[in-house]
Amino acid sequence: MHQSERHVVVIGAGIVGAATAIELLREGHQVTILEPGEIGGDHAASYGNGGWISRSLVVPTSVPGLWRHVPGYLMDPLGPLTIHWRYLPGLLPWLWRFLHSGSTIERVGRTAAAISGLISDCAERHRKLAQEADVPDLLQDTSLLHVFRKRSDFDANALAWRLRQQNGTTWRELDQGQLSSLEPDLDPRYTFAIAVDGSVCVDPGRYVAALVDHACRRGATIRKGRARGFRIKSGRLQAVQTADGELACDRGVIATGAWSKELVRGLGDRVFLESERGYHAVIQDPEIKLKSRILFTDGKLAITTTPSGLRVTGQVELASLRAKPNWTRAHVLRDFALNAFPGMPKTLPHTRQTFWMGHRPSTPDGIPVIGSASKCADVIYAFGHGHIGMTAAPVTGRIVAEIISEKTPCIDPGPFSARRFGGGAHPQ
Ligand SMILES: Cc1cc2nc3c(=O)[nH]c(=O)nc-3n(C[C@H](O)[C@H](O)[C@H](O)COP(=O)(O)OP(=O)(O)OC[C@H]3O[C@@H](n4cnc5c(N)ncnc54)[C@H](O)[C@@H]3O)c2cc1C
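Within every chain, residues take consecutive numbers counted from 1 along the sequence as written. Per-residue local features of the predicted model are confined to residues with pLDDT of at least 70, and side-chain atom pairs are confined, for both listing and counting, to 80 or more; whole-chain, interface and lining totals are unaffected and use all residues. To get the side-chain values, all heavy atoms of the structure are used, and hydrogens and water are removed first.

- An unreviewed UniProt entry lists the chain under the name FAD-binding oxidoreductase, with Bradyrhizobium rifense as the source organism.

Right, here's the structure in full:
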């Protein structure tokens, strides 16, 4: 191995780990991917997401005034954002920071600017990755239509649109006539829409598997197993510890999504990370055809055409990593889709529907954690991507590879540091 080449263990093979492995190989490092599950499998958030890749995803979930709705979130188990009573005590430290991060327009503005810095060229980065991995067909350029029942519903959400505009998103307004000629199958109760350009990944699970295959063709190896911790000596990483023994390495990357908190223990940082559980329903052989991906602002959910059918994604459920899925939430998504298009039947046979639940790895401020661990700079964090993990994975991988190669990162990693949560020791 050349002096500057490192043996890097990338822990976790979701979209973030997959993209990171490729960027590390590009820099000439030796890469081992450590993953206990099936690559591209449905245990990971990267399998079942909405696939939307767009620089418009800069608005965090927590915005001024949200706290007023918290009692409603506790009372309505099927609303678009739900907090489980049972898990409330454990969630309080995260929840407090979540509400605080969105408590003023200035704070939300800073968050949007940090996210925007990260994802401004997300579509180009994905296009390059998909071409290299020989799966360009999995990405499609399309419009994201935010549909509203009436224009005043759009006006009522002025802050979000102002943040998008300030951070480089452009859009077209569509009146009822333009909307119905673009999407004739949509219920005419939607009379106004905003069209934002972007890309969609039509099969995120397959995409992850293709990226990992590509990494393996370039020399990465896969090790099946679960990381348990790190062996560190005098501040330098010696090995990643797994249930089946140690993996000796020079650097380790924690790309374990919502499961990352356990691995951070002992690395000198206090990280606030919870699973924001989300769901999808897939309706096979739909009776309707969509040209765009549609985001329903009244239902807070999105609908995308995928090779297996219409995928309806949404819901934010604050529970725990271990809580059982509440499939009624996925049924809510399905029923919304059946009602939003008059051409769809009112009920579906079981054979035409599938459901999924996944864990968004969410920080309270909606900003991912990227950068070196405080107690051991050889361990690099790459997790906490919440609602924007598909979009931000390639640039995250790039930043991580540049940190490991001791190059100046293409984006200042300052806003993504784990130190922002207040913990942190100086690297030794
Ligand atoms: C319903 C829904 C819709 C979404 N829509 C979008 C969207 O339209 N656009 C967008 O940009 N984002 C979207 N997201 C968010 C996006 O899916 C996530 O941010 C992203 O998938 C996170 O990727 P990840 O690689 O960090 O985590 P994951 O995909 O969860 O992967 C983590 C991997 O780490 C592995 N792992 C865990 N623990 C260990 C361990 N100890 N050792 C080794 N491996 C381990 C797991 O097995 C898993 O494979 C959505 C999410 C949901 C739930």
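From this point, the discussion proceeds with the structure in view.
Topic: the overall build of the chain
Part 1: Across its full length, the chain carries 13 helices and 19 strands.
Part 2: Its C-alpha atoms give the chain a radius of gyration of 21 Å, within 12% of the compact-globule value 22 Å for 428 residues.
Part 3: Expressed as lengths along the three principal axes of its C-alpha atoms, the size of the chain is roughly 65 × 45 × 40 Å.
Part 4: Exposure classes here rest on a 1.4 Å probe applied to the protein chains alone. A residue is buried below 20% of its type maximum, exposed above 50%, and partly exposed in between. The burial tally for the chain puts 56% of its 428 residues in the buried class.
Part 5: Only heavy atoms enter the contact rule, under which two residues are in contact if any of them lie within 4.5 Å. Counting only contacts in the chain whose residues sit at least 6 apart along the sequence, the fraction spanning at least 24 positions is 75%.
Part 6: The method behind every accessible area is Shrake-Rupley, applied with a 1.4 Å probe, and residues are considered shielded solely by the protein chains displayed. Accessible surface, the chain as shown: approximately 17,900 Å² in total, 52% of it carbon and sulfur.
Part 7: In this tally, Asp and Glu contribute negative charge and Lys and Arg positive charge; neither His nor the terminal groups of the chain are included. Working definition for charges: the position is that of NZ of Lys, CZ of Arg, CG of Asp or CD of Glu. Charge-centre separation for the chain: the mean point of 50 positive side chains lies 5 Å from the mean point of 41 negative side chains. Numbered from the N terminus, helices here are DSSP runs of H or I no shorter than four residues, and strands are runs of E no shorter than two. Values of the radius of gyration come from C-alpha atoms, whereas the globule rule sets the reference at 2.2 Å times the count of residues to the power 0.38.

Digging into unusual backbone geometry
Peptide bonds are trans in most cases, and residues, glycine excluded, mostly fall at negative phi.
Part 1: In this model, Gln-315 sits at a positive phi of 80°, which is unusual for a non-glycine residue.
Part 2: Within the secondary structure layout, Gln-315 lies in strand β16 (residues 309-318).
Part 3: Among the residues examined, Gln-315 registers a relative accessible area of 5% and is labelled buried.
Part 4: In the Ramachandran plot, Glu-406 falls in the positive-phi region, its phi being about 55° despite a non-glycine side chain.
Part 5: Looking at the element boundaries, Glu-406 is found in the segment after α13 (389-404).
Part 6: Of the residues examined, Glu-406 reaches a relative accessible area of 58% and is grouped as exposed.

Re the environment of Val-212
Part 1: Assignment of secondary structure puts Val-212 in helix α10 (residues 204-217).
Part 2: As for Val-212 and Ile-222, which are separated by 10 residues in sequence, their C-alpha atoms are 8.8 Å apart.
Part 3: Beyond its immediate sequence surroundings of up to four residues, Val-212 is in contact with Ala-13, Ala-18, Ile-33, Ile-39 and Ile-222.

Considering the sheet that holds strand β9 (residues 227-233)
Part 1: Paired strands, as defined in this entry, are two strands with at least two bridges between them according to DSSP. Judged by pairing direction, the sheet is antiparallel, and its 3 strands sit side by side in the order β9-β10-β11 without closing on themselves. In this open sheet, the two edge strands, each paired with only one partner strand, are β9 and β11 (245-248). Taken pair by pair, the neighbouring strands of this sheet meet at an average axis angle of 30°, ignoring direction.
Part 2: Relative to strand β10 (residues 236-242), β9 runs antiparallel, the two sharing 6 bridges. Note that in β10 the partner of Gly-229 across the bridge is Gln-241. What counts as an axis is a line fitted to C-alpha atoms, over the stretch in contact for a helix, and the angles between N-to-C directions run from 0 to 180 degrees.

Notes on the nonpolar core
Part 1: Put simply, buried Ala, Val, Leu, Ile, Met, Phe, Trp, Tyr and Cys residues joined by side-chain atoms within 4.5 Å make one nonpolar core. Counting 59 residues, the largest nonpolar core has Tyr-207 and Val-253 as the members making the most contacts within it.
Part 2: Setting aside residues no more than four positions away along its own chain, Tyr-207 makes contact with Ile-15, His-126, Leu-129, Ala-130, Val-135, Leu-138, Leu-139, Cys-201 and Met-390.

Let's talk about the pairing of strand β14 (residues 293-296)
Part 1: Bridge count for strand β5 (residues 139-148) against β14 is 4 bridges, and the pairing is parallel. Its bridge partner lying in β14, Leu-145 is registered against Ile-294.
Part 2: Here 3 bridges tie β14 to strand β15 (residues 301-306), and the two strands are oriented antiparallel to one another. When the bridges of β15 are listed, Leu-295 appears paired with Ala-302.
Part 3: Between β14 and β15, which pair antiparallel in sequence order, lie 4 residues; one of them, Lys-300, sits at a positive phi of approximately 50°.

Things to note about the sheet that holds strand β1 (residues 7-11)
Part 1: The mixed open sheet is built from 6 strands, whose spatial order is β8-β2-β1-β12-β19-β18. Whereas interior strands pair on both sides, the edge strands pair on one side only; in this sheet they are β8 (221-224) and β18 (369-372). Adjacent strand axes in the sheet meet at a mean angle of 20°, parallel and antiparallel pairs treated alike.
Part 2: By the bridge criterion, 4 bridges tie β1 to strand β12 (residues 251-254) in an arrangement that is parallel. Along β12, the bridge assignment pairs Val-8 with Arg-251.
Part 3: Together, β1, β12, β18 and β19 (379-383) form the strand contacts of α13, whose direction differs from that of β19 by roughly 175°.

Details of the state of the cysteines
Part 1: Two cysteine sulfurs form what is called a disulfide whenever their separation falls within 2.5 Å. One pass over the full model with this rule turns up 0 disulfides.
Part 2: With no disulfide of its own, Cys-376 lies 9.3 Å from the sulfur of Cys-249, the closest cysteine sulfur.
Part 3: Note on Cys-376: relative accessible area 0%, which makes it buried.

Thoughts on the site of the ligand
Part 1: Residue proximity to a molecule or strand is established when one non-hydrogen atom of the residue lies within 4 Å of it. Residues in contact with the ligand amount to 36 residues; listed here are only the nearest, Glu-35, Ser-46, Trp-52, Ala-227 and Gly-386.
Part 2: Note that an oxygen atom of the ligand is positioned 3.0 Å from one of the side-chain N or O atoms of His-43.
Part 3: The separation between an oxygen atom of the ligand and a polar main-chain atom of Gly-386 is 2.8 Å.
Part 4: When the ligand sits alone it has 1,000 Å² of accessible area, and the protein chains cover 96% of it.
Part 5: Elements with a contribution of two residues or more to the shell around the ligand: α1 (15-26), β2 (30-35), α2 (45-48), β13 (274-283), β17 (353-362) and α13.
Part 6: Broken down by element, the shell around the ligand gets its largest block of residues, 3 residues, from α13. Two N or O atoms form a polar contact when they lie within 3.5 Å of each other; inside protein one atom must be a possible hydrogen donor and the other a possible acceptor, and for residues adjacent in sequence the pair counts only when both atoms belong to side chains.

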